[in-house]
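Structural overview for review
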Amino acid sequence: MYKIAKENLSALFQMIAGEQELYLPVKVSNQVNFAAWTEDAEVDLDTLKSVKSPKDVFFPQSENLYTCIKDGKKIKIEPEALKDRNFVVFGMKACDVKGVEVLDKVFLADPVDTFYAARRAHGTIVAMACHEPEESCFCKVFGVDCAEPVADVAAWMVEGEVYWKALTEKGETLTKSVESLLTAADENDEAKVESEKTTIRAIVEKLPYSNLSLEGWNGDVLMEKFNSPVWEELYKPCLACGTCTFVCPTCQCYDIKDYDTGHGIQRYRCWDSCMYSDFTMMAHGNNRTSQMQRFRQRFMHKLVYFPANNNGMYSCVGCGRCVEKCPSALNIVKVIKAFQNQGGEN
């Protein structure tokens, strides 16, 4: 384990960015999101969660796939180049790292998404433990330990020092590249980190949603949950705004569209939402014709369909962003509790 003083982090960022791209939490107009590091960026490692998850470093909100160019009677297709430069994502939280694991199940399964795979191959994640988890957090419910993130490098901020521990080969490589700025930690330092972990876990135990029960939610209850009348009452406040899907670390739906540049046609993909009425719209219409059906789809996918196809892994990491951002106070916690309170079968 190593350590570096908080006031020396700018030098660390500069050293990393001198060799590869660096993404980290940046404050713009009082909102914190992950962005590319620049010398004048207002880096914010104290805000617990960025507004959006940092998943768009690996799965961009919009990305070009290829361009079609007409030359006389011939059409030339120019595929977009895959990511070929190494980069570091600094400051991800344990829930967001778990979110990337969920995306891996989708985009690295056969057939492999080559755009995503290239970014995963070139990306190194430095994850920071959550110093003080908030009331909206419930990562423990989904087996995430926010006191000990599992990434290429795990980091803890304690008493003005950032403690640094490489966990993978990528992490070791990054550590060696910045070793001149790091100081070896001693037993006293390691004791401080262990104390920090204990404190964080004690906070987690006191959070209101930490003991939320997932009993009755798994891949074996498809028809029981799908046909429940609970959905008919639960969905009504939903505005179909899609906010929940755009802040979520695990939502992976996208649309593919064409754009006429005047010099060719760019085919690109962009995030989409199952909450929208035109989601998966086809020539004959849409399979889900009501907002209730769309609402049900989102939560059935996270709590039933996904675990059924991924060895019990849920497509939720308990980050709490939907709890904070939904304008109608609808979120996955409310859904789970509604079924818990009403049985889901009445």
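Here, the structure is the one placed above.
Residue positions are given per chain, counted from 1 along the sequence in the order it is written. Confidence filtering applies because this is a predicted model: local features only for residues at pLDDT of at least 70, side-chain atom pairs given and counted only at 80 or more, and all residues used for totals across whole chains, interfaces and linings. Side-chain metrics in this entry use all non-hydrogen atoms of the structure; hydrogen atoms and water are not considered.

Considering helix α4 (residues 169-177)
Only protein chains enter the accessibility calculation, which uses a 1.4 Å probe; a residue is then buried when its area is under 20% of its type maximum, exposed when over 50%, and partly exposed in between. Where helices and strands are cited, they refer to DSSP runs of H or I of at least four residues and of E of at least two residues respectively, numbered from the N terminus. When α4 is considered as a whole, its buried residues turn out to be G171, L174 and T175. All buried residues of α4 lie within an arc of 100° about the axis, which places them on one face of the element. Residues of α4 that are exposed and point more than 90 degrees away from the buried face comprise E169, T173 and K176. Contact criterion: two residues are considered in contact whenever any of their non-hydrogen atoms come within 4.5 Å of each other. For α4, the elements touching its buried residues are β1 (2-5), α1 (9-19), β6 (87-92), β7 (123-128), β8 (153-158) and β9 (161-166). In this context, the arc is that of the directions from the helix axis out to the C-beta atoms.

A few points about the environment of L167
By the secondary structure assignment, L167 is in the loop between β9 and α4. Those residues within four positions of L167 in sequence are excluded, and the remaining contacts are P149, V150, A151, D152, V153 and A154.

Quick look at the packing of aromatic side chains
Geometry of aromatic contacts follows a simple scheme: Phe, Tyr and Trp rings, the Trp one being its six-membered ring, pair when their centres are within 6.5 Å, and the pair is stacked under 30 degrees between planes, edge-to-face over 60, tilted otherwise. This structure, assessed with the given rule, holds 17 aromatic pairs. With 5.0 Å between their ring centres and 35° between their planes, F107 and Y116 make a pair best called tilted. Each member of the pair, F107 together with Y116, is buried. Summarising the aromatic geometry, the rings of F138 and F142 are spaced 6.1 Å apart at their centres and angled 55° between planes, so their arrangement reads as tilted. Here F138 matches F142 in class, with each residue buried. A network of ring pairs unites the aromatic residues F59, F107, Y116, F246, Y254 and W271 as a single cluster. The ring of W271 carries K55 above its face, with NZ or CZ at 4.6 Å from the centroid. The ring of W217 carries the charged tip of K225 above its face, separated from the ring centre by 4.8 Å. To sit over a ring, a charge needs its Lys NZ or Arg CZ within 6 Å of the ring centre and within 35 degrees of the ring normal.

Some remarks on the side chain of S315
Mapped onto the elements, S315 comes out in the loop between α9 (291-309) and α10 (321-325). Ignoring sequence-local partners within four residues, the contact set of S315 consists of V102, T250, Q252, H301, K302 and F306.

Quick notes on the pattern of salt bridges
By convention in these notes, a salt bridge is any Lys or Arg side-chain nitrogen within 4 Å of a carboxyl oxygen on Asp or Glu. Considering all chains together, one arrives at 22 salt bridges under this definition. Where E324 meets K49, a salt bridge forms, and the shortest distance between an N and an O atom there is 3.0 Å. Of this pair, E324 sits in helix α10 while K49 sits in the loop between β3 (31-36) and β4 (62-71), and the two are 275 residues apart along the sequence. By relative accessible area, K49 is classed as buried at 12%. In this structure, the salt-bridge partner of E233 is K236, at a minimum N-O distance of 3.2 Å. With respect to class, E233 is no different from K236; both count as exposed.

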